[in-house]
Amino acid sequence: MTALANDEHAAEPAPPTRRATWTALRPLILRLHFYAGILIAPFLLIAATTGLLYAASYQIEKVVYQHELTVPARDAQTPLAQQVAAARAAQPQGEVTAVRPSEGSGRTTRVLLDVPGLAESTQLAVFVDPHTAQVRGTLESYGSSGALPVRAWISNLHRHLHLGETGRLYSELAASWLWVVALGGLLLWLGRRRRPGRKLRGLVAPERGTRGRRRLMSWHGAIGLWAAAGLLFLSATGLTWSKYAGANVEDLRTSLGWSTPALASSDHGDHTGAGARGGHATSDVGIDTVVQAAAGKGLSGPLQITWPDEPGGDYVAEEIDKQWPQRLDQVAVNSSTGQVSGELRFTDYPVAAKLTRWGIDGHMGLLFGLLNQIVLACIAFGIITLIVLGYRMWWRRRPTRGFARPYQRGTWRRVHWAVLVPLAIAAAGIGVFLPLMGISLVVFLLLDVLLGLRSRTSRAAEPAATPPQPEPDETQPATSAPGS
């Protein structure tokens, strides 16, 4: 933290009053906000743009694969075992791992098979007409969410830009800094309330009758205020998928006992990912009996039935309706007897596991369906707008125009040690927990040191000059940057 001040004479710490502390910390927050805006905003812009596309991917998927996903609606349906047999006949080289029965009249049944040659976490989905048991088509299905090719392509674009593990660093960097930029901007914007005559409307809505940079800042601050909660949510949930910070999050959840519980059954340890191997035992009760047993325990569609790992083992029937987060119960059904051998109710999850489930589904646009997708689209568009406005403000007050004033250095020395020491410790701890943020923060600090040395050298070599004049509509004393 000390690197953000290097060319001012040390001052005696001020009394630890809230006003004095804020006055001393504000330039520091401005500088951090400035560097984060300049250097991290491009990554945030990519994440927001691809996220905006992903928010619409569910509707895109339904349109592109309408033939595979839908059929003419009828009343009667064929037995589910007959539909599975049709899928097996169409893909004899594959092994059935799971089935997602039709969710209603006019919707196809999805039979998932392991087929040689497919990538990891990828299965072949065979779509069957539940009314006639005719195969409608086959598509690759990705991950536990069952994303079809177009949605999977958009998801990978958002996640790692189709660059593999290396590409994941971009999204982790963006998620690691998003909450810092959001909280810093929120503090700076709310700090405007300390100014005489500042009305509440000027915080929650753009000011009327302004122009130039002041108008840009008014829009930037008001949008940021309304979007702050969404930005913090996306940052927290996005980090759970990240490579380095995500591993730390998982270790923390495990150590605190917040992991998602697993369904106890005879041959299933984890029923959230790839399906089972093997076929039916001689005395297998069949999938239709499994569905009936699950219904007897209160499970309703949409369902996924996962095959036993070996003959005589347990089927697993699980609710996959993530639009309504309470409908995620699971039961194990013995393949020989048809009796329920284990249950796992979502209501029995630890609170932290429930919050994790809801957070992930909310980030993916699954929670409450279309409403969730609209909210995500609005947040993504808000991020894009904030970045564009931030860059525009910086461009209007760039130093080459001759009227910009640099941020004041050295004010951190006036912060009382009782505030400064905990802040430094917290920054170090966060930097370790979020490694990419920690590394980039060190880079920011080194950059600030170099710029400070350069500024000090330039002032020593140049004669006194006329003080720079502010822009006519300027009310802020500091150079702005994206996110200011």
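Here the structure is a predicted model, which means the values were calculated and not measured. (Residues numbered from 1 in each chain as written. Predicted model: local features only at pLDDT ≥ 70, side-chain atom pairs only at ≥ 80, totals over all residues. Heavy atoms only, no water.)

## Some points on the overall build of the protein chain
Consideration 1: Tallying secondary structure elements over the protein chain gives 14 helices and 8 strands in all.
Consideration 2: Burial analysis of the protein chain (484 residues in total) assigns 49% to the buried set.
Consideration 3: Restricting the contact set of the protein chain to residue pairs at least 6 apart, pairs at least 24 apart contribute 67%.
Consideration 4: For the protein chain, the exposed surface amounts to about 23,600 Å²; the carbon and sulfur share of it is 62%. (Helix = DSSP H or I, 4+ residues; strand = E, 2+ residues; numbered from the N terminus. Buried < 20%, exposed > 50% of the residue type's maximum accessible area, 1.4 Å probe, protein only. Contact = heavy atoms within 4.5 Å. Areas by Shrake-Rupley, 256 points an atom, 1.4 Å probe, with all protein chains shown as cover.)

## Some thoughts on the UniProt feature "transmembrane region" (unreviewed entry) in the protein chain
Consideration 1: Under the feature "transmembrane region" (unreviewed entry), the UniProt entry names residues 34–56, 173–191, 216–236, 374–394 and 415–447.
Consideration 2: Its end C-alpha atoms 27 Å apart, residues 173–191 is made of 95% helix and 0% strand.
Consideration 3: Its end C-alpha atoms 30 Å apart, residues 374–394 is made of 100% helix and 0% strand. (UniProt positions renumbered as here; feature names shortened; annotations may be inferred.)

## Quick word on the pattern of salt bridges
For side chains bearing opposite charge, pairing can occur when the charged atoms are close.
Consideration 1: A complete count under the given rule lists 9 salt bridges for this structure.
Consideration 2: For Glu343, the salt bridge is made with Arg345, and the minimal N-O distance between the two is 2.9 Å.
Consideration 3: A relative accessible area of 39% means that Glu343 is categorised as partly exposed.
Consideration 4: For Asp361, the salt bridge goes to Arg357, with nearest N and O atoms at 2.7 Å. (Salt bridge = Lys/Arg side-chain N within 4 Å of Asp/Glu carboxyl O.)

## Let's talk about the environment of Ala152
Consideration 1: In this structure, Ala152 sits in helix α5 (residues 149–160).
Consideration 2: Spatially, the C-alpha atom of Ala152 lies 8.3 Å from that of Ser141, the residues being 11 residues apart in sequence.
Consideration 3: Leave out the neighbours within four places in its chain, and Ala152 touches Tyr142 and Ala147.

## Some remarks on the nonpolar core
Consideration 1: In this structure, Ile40, Leu44, Trp177, Leu231, Leu234, Ile383 and Phe444 are the most contacted members of the largest nonpolar core, which totals 35 residues.
Consideration 2: Secondary structure elements with two or more residues in this core: α1 (18–55), α6 (164–190), α8 (212–239), α12 (370–396) and α14 (435–461).
Consideration 3: Residues within four places of Leu231 in sequence aside, it is in contact with Leu178, Ala182, Ile379, Ile383 and Leu386.
Consideration 4: Judged by nonpolar contacts, the second largest core, of 23 residues, contains Leu113, Leu124, Val126 and Ile287. (Core = buried A, V, L, I, M, F, W, Y, C linked by side-chain atoms within 4.5 Å.)

## Some points on helix α11 (residues 351–364)
Consideration 1: Its 14 residues place the ends of α11 20 Å apart at the C-alpha level, agreeing with the 20 Å of an ideal helix rising 1.5 Å per residue.
Consideration 2: The buried fraction of α11 amounts to 10 of the 14 residues, a majority that puts the element mostly inside the structure.
Consideration 3: Listed in full, the buried residues belonging to α11 are Ala352, Ala353, Lys354, Thr356, Gly359, Ile360, Asp361, Gly362, His363 and Met364. (Expected span 1.5 Å × (residues − 1).)

## What about unusual backbone geometry?
Consideration 1: A positive phi is found at Ala133, a non-glycine position, where the angle reads about 65°.
Consideration 2: Position of Ala133 among the secondary structure elements: in the loop between β3 (122–128) and β4 (135–142).
Consideration 3: Ala133 gets classed as buried once you look at its relative accessible area, which sits at 9%.

## Structural notes on the sheet that holds β4
Consideration 1: The strand order across the open sheet formed by 8 strands is β4-β3-β2-β1-β5-β6-β7-β8, and the pairing between neighbours is antiparallel. Looking at strand neighbours, the two that pair on one side only are β4 and β8 (340–344), the edges of this open sheet. Put simply, the sheet's adjacent strands are angled 20° from each other on average, direction ignored. (Pairing = 2+ DSSP bridges. Axes fitted to C-alpha atoms, helices over the stretch in contact; angles between N-to-C directions.)

## A look at a nonpolar patch on the surface
Consideration 1: On the surface, Leu252, Leu256, Trp258 and Phe433 cluster together into a nonpolar patch covering about 350 Å² of accessible area.
Consideration 2: Along the polypeptide, Leu256 turns up in the loop between α9 (244–255) and α10 (287–296). (Patch = residues over 30% accessible without salt bridge, like charges linked within 9 Å, V, L, I, M, F, W, Y side chains within 5 Å.)

## Digging into the environment of Gly137
Consideration 1: Tracing the sequence through the fold places Gly137 in strand β4.
Consideration 2: With a relative accessible area of 15%, Gly137 lands in the buried category.
Consideration 3: Residues Gly137 and Glu68, spaced 69 residues apart in sequence, show a C-alpha to C-alpha distance of 5.7 Å.
Consideration 4: Not counting chain neighbours up to four residues away, the residues in contact with Gly137 comprise Glu68, Ala125, Val126 and Phe127.

## A word on the pairing of β8
Consideration 1: Of the pairings in the sheet, the one linking strand β7 (residues 330–334) to β8 comprises 4 bridges and is antiparallel in character. Counted as the bridge partner of Ala332 is Gly342 from β8.
Consideration 2: Where β7 folds back onto β8 in an antiparallel hairpin, the turn is made up of 5 residues, including Gly338, whose phi is positive at roughly 80°.

## Considerations on the packing of aromatic side chains
Consideration 1: Using the criterion set out here, one finds 8 aromatic pairs in the structure.
Consideration 2: Centre to centre, the rings of Phe346 and Trp358 are 6.0 Å apart; their planes meet at 55°, and the pair counts as tilted. Placement of the pair is Phe346 in the loop between β8 and α11 and Trp358 in helix α11, with a sequence separation of 12 residues.
Consideration 3: Ring pairing ties together the aromatic residues Phe34, Tyr35, Trp177 and Phe444, which thus form one cluster. (Phe/Tyr/Trp six-rings, centres within 6.5 Å; stacked < 30°, edge-to-face > 60°.)

## Brief notes about the confidence of the model for the protein chain
Consideration 1: Of all residues in the protein chain, 83% attain a pLDDT of 70 or more, and the chain-wide mean is 83.
Consideration 2: When the criterion is pLDDT under 50, residues 1–15 qualifies, and its contacts beyond four places in sequence or with other chains add up to 44 contacts.
Consideration 3: Note on residues 268–281: pLDDT is under 50 here. Beyond four places in sequence and across chains, it has 40 contacts. (pLDDT = per-residue confidence, 0-100.)

## A short note on the packing of α8 against α11
Consideration 1: The interhelical angle for the contact between α8 and α11, taken along N-to-C directions, is 110°, at an axis separation of 9 Å. Here α8 is positioned roughly perpendicular relative to α11, judged by the angle of their axes. Crossing of α8 against α11: the hand is left-handed. For the pair formed by α8 and α11, the contact residues are Phe233, Leu234, Thr237 and Gly238 on the first element and Gly359, Ile360, Gly362 and His363 on the second.
Consideration 2: For the contact of α8 with α11, the class distribution of residues is 3 nonpolar, 5 polar and no charged. (Parallel < 35°, antiparallel > 145°, perpendicular 65-115°, else oblique. Left-handed = near helix turned anticlockwise from the far one by under 90°. Nonpolar A, V, L, I, M, F, W, Y, C, P; charged D, E, K, R; others polar.)

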